[in-house]
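Structure assessment
Listed here are the chains, written in short residue letters.
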Amino acid sequence: MATSGTHHSMSLHPICLAFSVLLLVPLSGCSVGRYCARRGQDFTDCFNAAGPLGFGLHARVKATDFAVVSAGGSFSGASGWWGRYGFQERLGVDAGAPFVVAVDGYDVPHIGGAPYQSVTWGPCVTSREYNEVRPGPRGEFSDKFWVGGTATVVILSARFEFNPVEFADFLTGWFGWDLLEDDELHFGYDRALRDKMEYEEYLEESKRWQAE
Ligand SMILES: [Ca+2]
């Protein structure tokens, strides 16, 4: 019995060694993988696009939060791409009177993704309120710089916006400068978990994930 036990412990050592080597190889690969994943999510943050269903008659054009013109009103149940939050369905309300007021509100019925409401008085005084999930301090800053438009005609709706500040973050990311400090908001995180956490807790969780 004792001999057999010794034999087992002896034979485990090469296996442990093999495991260590096997773990080290993917770990070195992972850092490259994570780097690429960060550049990928920085890139996806540059765009939001949604459609095709809505109800009403509405159009809005914006060149950042400081130049917004909106006319009409609509409800939308849009599916689309919202940066690192990925593909989601959102319920939204758009309404406005040109050069008087513009309201843009979204909510996500099932999962997170920093849903918000923005209100613009005149063409250039915009305030934003986020629900429980927030995009992070610098994400809130970059949210002011969406450029694009949305339109709803009877039952069809389309939205496309580009964010030059997120694009700058994407470019600087290649040189190791995380301009918007969002690299640690990791790709593929648990949305249900994120919904329950405050931003700081969430960031800590992201750092632990990164250190693994
Ligand atoms: Ca970044």
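Residues numbered from 1 in each chain as written. Predicted model: local features only at pLDDT ≥ 70, side-chain atom pairs only at ≥ 80, totals over all residues.

Examining the overall build of the chain
- When helices and strands are counted, the chain shows five helices and eight strands.
- Put simply, the chain runs from its N terminus to its C terminus through helices and strands in the order α-β-β-β-β-β-β-β-α-β-α-α-α.
- For the chain, with 212 residues in total, the buried portion stands at 27%.
- For the chain, the proportion of contacts with a sequence separation of at least 24, taken over those separated by at least 6, is 54%. (Helix = DSSP H or I, 4+ residues; strand = E, 2+ residues; numbered from the N terminus. Buried ≥ 20, exposed ≤ 12 C-beta atoms within 10 Å, placed from the backbone. Contact = placed C-beta atoms within 7 Å.)

As for unusual backbone geometry
- The amide bond that connects Gly51 to the next residue, Pro52, takes the cis arrangement and shows omega of -5°.
- Within the secondary structure, Pro52 is located in the loop between β1 (47-51) and β2 (53-63).
- A positive phi is found at Thr64, a non-glycine position, where the angle reads about 75°.
- Mapped onto the secondary structure, Thr64 falls in the loop between β2 and β3 (68-82).
- The backbone phi angle of Phe99 is positive, close to 65°, even though this residue is not glycine.
- Counting through the fold element by element, Phe99 comes out in the loop between β4 (87-97) and β5 (101-107).

Comments concerning the pairing of β2
- The sheet contact formed by β2 and strand β8 (residues 147-162) spans nine bridges and is antiparallel. Residue Arg60 lies in a different strand from β8, and its bridge partner there is Thr150.
- Relative to β3, β2 is paired through nine bridges, and the arrangement is antiparallel. Residue Leu57 lies in a different strand from β3, and its bridge partner there is Gly73.
- From the end of β2 to the start of β3, which pair antiparallel, there are four residues, and Thr64 there has a positive phi angle of about 75°. (Pairing = 2+ DSSP bridges.)

Structural notes on helix α3 (residues 164-173)
- Every buried residue of α3 is listed here: Val165, Glu166, Asp169, Phe170 and Gly173. Angularly, the buried residues of α3 cover 150° about the axis, an arc narrow enough to put them on a single face. (Arc of directions from axis to C-beta.)

Quick look at the pairing of β3
- As paired elements, β1 and β3 share four bridges and run antiparallel to each other. Bridge pairing links Ala50 to Gly80 in β3.
- Direction of pairing for β3 relative to β4: antiparallel, over a ladder of 10 bridges. Looking at β4, one finds that Ser76 is bridged to Gly92.

Observations concerning the environment of Tyr106
- For Tyr106, the location among the structural elements is in strand β5.
- Among the residues examined, Tyr106 registers 22 C-beta atoms within 10 Å and is labelled buried.
- In this structure the C-alpha to C-alpha distance between Tyr106 and Ser118, which are 12 residues apart in sequence, comes to 9.0 Å.

Considering the environment of Phe55
- By the element assignment, Phe55 lies in strand β2.
- Separated by 20 residues in sequence, Phe55 and Phe75 place their C-alpha atoms 5.2 Å apart.
- The residues contacting Phe55, other than those within four sequence positions of it, are Ser74, Phe75 and Ile155.

Things to note about the confidence of the model for the chain
- Within the chain, residue pLDDT values average 78, and 68% of them lie at 70 or more.
- Looking across the chain, the model is least confident in helix α4 (residues 191-196), with a mean pLDDT of 50, and most confident in α3, with 96.
- Per-residue pLDDT stays below 50 along residues 1-10; that stretch engages in zero contacts with residues further than four places along the chain or on separate chains.
- Low pLDDT, under 50, characterises residues 19-29; the stretch is placed with zero contacts to residues that sit more than four places away or in other chains. (pLDDT = per-residue confidence, 0-100.)

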